[in-house]
Amino acid sequence: MSRTTQGILIAAILAFFAIEHGFSGFLGAAMFMLVGAVLGRAAEGKLDLRGVGKTIMGQNSTTSD
């Protein structure tokens with residue numbers, strides 16, 4: 001499935017929830033899609049959740065010269 005087809009499918013799902021359940025349904029569907037995307041990338045090994053957690057907790061620091 002191409003990225004364009006995936007984008008159309010996601011837009012159709014969000015539009016359905018917006019029409020059927022209003023703005024709160026739209027936000028709920030978008031939130032669950034975001035969580036699913038994050039968990040999917042973590043399962044594929046493309047996202048390091050430990051690194052994200054450390055960054056959020058302030059344990060990682062970046063320096064720029």
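Figured I'd write up the structure that's included with this text. (Residues numbered from 1 in each chain as written. Predicted model: local features only at pLDDT ≥ 70, side-chain atom pairs only at ≥ 80, totals over all residues. Heavy atoms only, no water.)

1. A closer look at helix H1 (residues 3-44)
(1) Moving on: In this model H1 runs just 18 Å from its N-terminal to its C-terminal C-alpha over 42 residues, more than 12% under the 62 Å that 1.5 Å per residue would give.
(2) Moving on: Roughly 145 degrees is the biggest bend found in H1, and it falls at His21.
(3) Moving on: Along H1, the residues classified as buried are Leu14, Gly25 and Ala29.
(4) Moving on: One or two residues past the end of H1 sits Gly45, with phi positive at roughly 85 degrees. (Helix = DSSP H or I, 4+ residues; strand = E, 2+ residues; numbered from the N terminus. Expected span 1.5 Å × (residues − 1). Bend = angle between axes of the 7 residues up to and from the residue. Buried < 20%, exposed > 50% of the residue type's maximum accessible area, 1.4 Å probe, protein only.)

2. A closer look at the packing of aromatic side chains
(1) Moving on: Tallying each qualifying case throughout the model produces two aromatic pairs.
(2) Moving on: Where Phe16 meets Phe17, the ring centres are 5.4 Å apart and the plane angle is 80 degrees; that geometry is what we call edge-to-face. (Phe/Tyr/Trp six-rings, centres within 6.5 Å; stacked < 30°, edge-to-face > 60°.)

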